[in-house]
Amino acid sequence: MNFDVFFQRIAKVTDISTQRQLADVLGVGPAAITLAKTRGIPKGWGLKIASIFGLNPVWISTGQGPVYQAGREQTFFVPKVSARACAGSGSLEVQDNILEEIPFSSQWINKKGRPGSMVVMEVTGDSMSPELEQGDNILIDQSCRQLSNQALFVVGLGDSIQVKRIQSAPGLVILLSTNRRYSPVTLQGDEIETLRIIGQVIWSSREY
């Protein structure tokens, strides 16, 4: 299948608007996109996009038939990835392989942010207890990377991924734990450059 036709078709019915976003959703690098432009779309790409967005794979490949899979028009499926947001000393499991899909109401999730940029992660550790407990799933919008005070963010620090509340000011970022047994982590000046903002937490068993 021609790449341009595939991309234009997907862009019409999802919030994917750039090739970079498409690559992120598919979990591939820029080289794979370049290769697809010359050799055509791998069959697995259409199936993966269909699974994530509830689209009809026949429509993706031919443009014929219903756009959505029967019964899935009102549901958006967010990939749950194997990277774990640590509420403790840090998780070393940072691979972003998709484990499963978590269903959300399309109407609700479109109001919360950019569904195509969202992933679900599992919490490990107890530093955010009782707000977040080990084993909780959290929904992260990776398009929301502008820090806002007291909001929950998933961040990368060193070789770990952590979920923390954030306090920020010019030249200062503080990572806060809900569990008082854990001290705040303060980053100043050049130390802030070591912090990777993965995205904002917008749901667990509650809304934030």
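Treat the numbers as computed from the prediction; the structure is a model and nothing was measured.

Q: What is the right way to look at the confidence of the model for the protein in this model?
A: Note that predicted coordinates carrying low pLDDT should not be read in detail. Averaged over the protein, the pLDDT score is 86; the fraction of residues at 70 or greater is 91%. Of all helices and strands in the protein, the one with the weakest mean pLDDT is strand β1 (residues 75–86) (78), whereas strand β7 (residues 172–176) scores best (95). The low-confidence segment residues 91–96, where pLDDT is below 50, has 17 contacts with residues more than four positions distant or belonging to other chains.

Q: Is there a simple way to think about the packing of helix α2 (residues 19–26) against helix α4 (residues 43–53) in this case?
A: Think of two packed helices as two axes; the pair is described by the angle between the axes and how far apart they sit. At their nearest, the axes of α2 and α4 sit 10 Å apart, and the two run at 85° to each other. One way to sum up the angle between α2 and α4 is to call them roughly perpendicular. From α2, Leu 22, Val 25 and Leu 26 reach across to α4, where they touch Trp 45, Lys 48, Ile 49, Ile 52 and Phe 53. Of the residues assigned to the contact of α2 with α4, the class counts are seven nonpolar, no polar and one charged.

Q: How should the side chain of Ser 127 be read in this particular structure?
A: Its place among the elements puts Ser 127 in the loop between β3 (118–124) and β4 (137–141). Polar contacts involving the side chain of Ser 127 include one to the side chain of Lys 164, which spans 2.8 Å.

Q: Before we go on, may I ask you to explain the pairing of β4 in this structure?
A: Successive side chains on a regular strand alternate, one facing one side of the sheet and the next facing the other. With four of five residues buried, β4 lies mostly within the body of the structure. Bridge analysis of β3 against β4 gives five bridges, and the strand direction is antiparallel. By the bridge assignment for β4, Glu 122 is matched with Asn 137. Here β4 pairs with strand β9 (residues 195–203) via three bridges, running antiparallel. Across the sheet, residue Asp 141 finds its bridge partner in β9, namely Gln 200.

Q: Would you take a moment to explain the environment of Glu 133 for this structure?
A: Within the secondary structure layout, Glu 133 lies in the loop between β3 and β4. What Glu 133 contacts, discounting residues up to four positions off in sequence, is Val 123 and Gly 125.

Q: How do you make sense of the packing of aromatic side chains when you look at a structure like this?
A: Here the distance between the centres and the angle between the planes together describe a pair of aromatic rings. Summed over all chains, the structure comprises four aromatic pairs. Ring centres 6.0 Å apart and planes at 10° place the aromatic pair Phe 3 and Phe 7 in the stacked group. Taken together, the residues Phe 3 and Phe 7, both in helix α1 (residues 3–13) and four residues apart, mark about one turn of the helix. The buried category is assigned to Phe 3, whose relative accessible area is 2%. Between the aromatic rings of Phe 104 and Trp 108, the centroid separation amounts to 5.8 Å while the plane-to-plane angle is 15°, which identifies the pairing as stacked. Taken together, the ring pairs in this structure connect Phe 104, Trp 108 and Trp 203 into an aromatic cluster.

Conventions we followed
- Residues numbered from 1 in each chain as written.
- Predicted model: local features only at pLDDT ≥ 70, side-chain atom pairs only at ≥ 80, totals over all residues.
- Heavy atoms only, no water.
- pLDDT = per-residue confidence, 0-100.
- Helix = DSSP H or I, 4+ residues; strand = E, 2+ residues; numbered from the N terminus.
- Contact = heavy atoms within 4.5 Å.
- Axes fitted to C-alpha atoms, helices over the stretch in contact; angles between N-to-C directions.
- Parallel < 35°, antiparallel > 145°, perpendicular 65-115°, else oblique.
- Nonpolar A, V, L, I, M, F, W, Y, C, P; charged D, E, K, R; others polar.
- Polar contact = N/O pair within 3.5 Å; in protein donor to acceptor, adjacent residues only side chain to side chain.
- Buried < 20%, exposed > 50% of the residue type's maximum accessible area, 1.4 Å probe, protein only.
- Pairing = 2+ DSSP bridges.
- Phe/Tyr/Trp six-rings, centres within 6.5 Å; stacked < 30°, edge-to-face > 60°.

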